[in-house]
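Structural characterization, general
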Amino acid sequence: MQPRIIGRNLMRSIGSVFSRRCWTVSTEKEDRFIVLTDETNQLDSTQPGAKTKRLIFPSIWLRDNCQCPRCFDTQANSRTIDMMHFDWKVKPEQAQISAAQQLKVAWSDGHHSDFSLEWLKERSFDPDTQNAYLRRNYKFERKAVVGEKFSGDFQKIRLQSDHRGVSSDSFKICGAETTTESPGSDRVLLDWLTHLITYGVALIENSGVELGTIKILARRVAFLRRTQYGETFYVEAKEGATNSAYKAAALQLHVDLPYNRYMPEILFLHCILQSKQKEGGESHLTDCLHVGQEMKASHPKMYDILRSVEVDWSDIGEDSGYEFHAIHREPVVCENKDGEIRRVNFSQPQRDNHFNIPAEDVDSWYEAWSLFVQQVHNSENRALFRLTEGDILVFDNTRLVHGRTAFNDSRILEGGYMDWDLAHSRMRILRKQLHVE
């Protein structure tokens, strides 16, 4: 079926020189789509054979996204159309491109809509435009921290006080010294968040040892997430502790709170007091993004077992007078629809003794689990380091496992959690403010 041409006009784009652009408007497939065609190249003899650009928009989507005051609240940045009174079979009756570079549409329901061409181009259904938008706003780059490079990458993403302006007396990321944030501090904050999402870990040095500093840092991004352990918590040896983190014994590699459906995603650990022993209280980190990717490539059947078999995770106890009984079922490795690792569940203390799978599948699961455990603890995949008082270690709790060696004296960390949704939101705002793509 030939497209129905329902409007035609010429428009000009203003630059150092006026250039004439010729757009036609048509509909296709029984008016289900409005098509904008830039035919300038066909009229330009200097560009023989140049490809004609077409922008295709579903008619119902355009009507649903009308930007007029009756249909869209610009202050709330939200659609106001009442869908119970929406004409689901609405069709365009007339459309044209105006000299003001707007698509003007008259609809079968009697409504009229105006759309700027720039607005339409940004929301084009063209796959290249959509993929660019998804990469910029959703698919943040992540780099697995691998083998011998772990130490190098970890050092590279430290934010040093001598050249990044992060120190106890001029804490630019936190903005502690002033209520107005300079462009420089926003740039440092964006760099820090970018490193954190890319590598999964970043370290801030020389932040002092005052309790509550991570709250200041969190406020520069958004806010901390409260759990059954409070808004912040103190990792120190306590008598009668029900959580193994609150004991002086070695703490096995683990993620925090795998027994929650919405597991905390970003973990802040501020070193307030470090053990005075020459050996003891060292921190461990392993990037399970790397371990999972390697296992998927070298042992796909075992990886698939860890990806598909649901495991029971639990935390039953009491903290500061609050009792809890948290349980959740999810595989060790969780993927998104694109087959990318989105979350890893790993905690020997929090893996429940209820294992609700067929008995004949247990042996194969343990075989896959043992391989994953070995690779997580492999010295080539693991970083061993000692936090210094004043360090704030921040990492992705859905991807990195952490632990520590035993100690016999005092060691205190203040911890807190944040969700990636909040960090991603802050990154988008900073990119826009700083004109960073």
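The preceding data block contains the structure.
Summary of the structure given here. (Residues numbered from 1 in each chain as written. Predicted model: local features only at pLDDT ≥ 70, side-chain atom pairs only at ≥ 80, totals over all residues. Heavy atoms only, no water.)

So, about the overall build of the protein chain. Check the secondary structure of the protein chain and you find 12 helices and 23 strands. Counting over 437 residues, the protein chain shows a buried share of 47%. In the protein chain, once contacts between residues fewer than 6 apart in sequence are set aside, the share between residues at least 24 apart is 70%. Roughly 23300 Å² of accessible area belongs to the protein chain as shown, and the carbon and sulfur atoms make up 48% of that amount. (Helix = DSSP H or I, 4+ residues; strand = E, 2+ residues; numbered from the N terminus. Buried < 20%, exposed > 50% of the residue type's maximum accessible area, 1.4 Å probe, protein only. Contact = heavy atoms within 4.5 Å. Areas by Shrake-Rupley, 256 points an atom, 1.4 Å probe, with all protein chains shown as cover.)

What follows covers the sheet that holds strand E7 (residues 92–97). Ordered by their spatial adjacency, three strands build an open sheet running E7-E8-E9, and the pairing between neighbours is antiparallel. In the strand order of this sheet, the two ends are held by E7 and strand E9 (112–116), each with one partner. Between one strand axis and the next, the sheet turns by 15 degrees as a mean value, whatever way the strands run. Judged from the five bridges that link them, E7 and strand E8 (residues 102–107) form a sheet pairing that is antiparallel. (Pairing = 2+ DSSP bridges. Axes fitted to C-alpha atoms, helices over the stretch in contact; angles between N-to-C directions.)

Take Leu 400: it is sitting in strand E22 (residues 400–404). The exposure class assigned to Leu 400 is buried, which follows from its relative accessible area of 0%. Spatially, the C-alpha atoms of Leu 400 and Phe 346 are 9.5 Å apart, while their sequence positions differ by 54 residues. Residues within four places of Leu 400 in sequence aside, it is in contact with Tyr 199, Gly 200, Val 201, His 254, Val 255, Leu 285, Thr 286, Asp 287 and Phe 395.

A few words on the pairing of E22. With five of five residues buried, E22 lies mostly within the body of the structure. The alternating pattern of E22 places Leu 400, His 402 and Arg 404 and Val 401 and Gly 403 on opposite faces, both of which are buried. For strand E13 (residues 251–254) and E22, the ladder comprises two bridges, and the chain directions are antiparallel. Bridging from a neighbouring strand, His 254 pairs with His 402 of E22. Pairing of strand E15 (residues 283–287) with E22, which is carried by five bridges, proceeds in the antiparallel orientation. Within E22, the position partnered with Ser 283 by the bridge is Arg 404.

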